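# Structural features, examined
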Amino acid sequence: MVAGSFNAVARSDSRAREVTVSLESPSATVGDLLRALHIDAPNLLVDGERVVPADHDLVEVELRHGAELAGTDAAARLPLRPPPLVA
């Protein structure tokens, strides 16, 4: 995610609400986002499939317009990054 804002759907309990997320601090964490969304959970679940820990830097998380965001107690499963290209 780069600086700026995007629309998302925040899910907590059995409720879903549309939110606009604005990233104003490059040092913000996923935990900061969870607190801003009033979601009490140790990890963020993105689009029902990616689990990101609360201490992860928010600028490194791939979030898109319309993303579904929820909290989860599941263990963090970040997608593996491809190895660096060697020229």
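Just above, that's the structure.
The present account deals with the structure reproduced in this document. All of these numbers come straight from a predicted model, not from anything done at the bench. (Residues numbered from 1 in each chain as written. Predicted model: local features only at pLDDT ≥ 70, side-chain atom pairs only at ≥ 80, totals over all residues. Heavy atoms only, no water.)

## Some details on the sheet that holds strand S1 (residues 4-12)
- Here five strands make up an open sheet; going across it, the order is S2-S1-S5-S3-S4 and the pairing mixed. The open sheet has two free edges, formed respectively by strand S2 (15-23) and strand S4 (50-53), since each of these has just one partner strand. Ignoring which end each strand starts from, the neighbouring axes of this sheet average 35° apart.
- Looking at chain direction, strand S3 (residues 43-46) and strand S5 (residues 67-72) are connected through four bridges and run antiparallel. Along S5, the bridge assignment pairs Val46 with Leu69. (Pairing = 2+ DSSP bridges. Helix = DSSP H or I, 4+ residues; strand = E, 2+ residues; numbered from the N terminus. Axes fitted to C-alpha atoms, helices over the stretch in contact; angles between N-to-C directions.)

## Comments concerning the pattern of salt bridges
- All told, the structure shown has three salt bridges when counted by the stated rule.
- Notably, a salt bridge pairs Arg11 with Glu68, separated by 2.9 Å at the nearest N-O pair. Residue Arg11 is found in strand S1, and its partner Glu68 is found in strand S5; the two are separated by 57 residues along the sequence.
- For Arg64, the salt bridge identified is with Asp47, shortest N-O distance 3.1 Å. One end of the pair, Arg64, is in the loop between S4 and S5; the other, Asp47, is in the loop between S3 and S4, and 17 residues separate them in sequence.
- Of the residues examined, Arg64 reaches a relative accessible area of 44% and is grouped as partly exposed. (Salt bridge = Lys/Arg side-chain N within 4 Å of Asp/Glu carboxyl O. Buried < 20%, exposed > 50% of the residue type's maximum accessible area, 1.4 Å probe, protein only.)

## Re the environment of Ala16
- Structurally, the position occupied by Ala16 is in strand S2.
- Note: C-alpha distance between Ala16 and Ala70 (54 residues apart in sequence) is 9.1 Å.
- Beyond its immediate chain neighbours, meaning those up to four positions away, Ala16 contacts Val9, Ala10 and Arg11. (Contact = heavy atoms within 4.5 Å.)

## Focus on the environment of Ser25
- Considering the arrangement of structural elements, one finds Ser25 in the loop between S2 and helix H1 (30-36).
- Between the C-alpha atoms of Ser25 and Leu58, which are 33 residues apart in sequence, the distance is 9.3 Å.
- Within polar-contact distance, the side chain of Ser25 engages the side chain of Ser27 at 2.9 Å. (Polar contact = N/O pair within 3.5 Å; in protein donor to acceptor, adjacent residues only side chain to side chain.)

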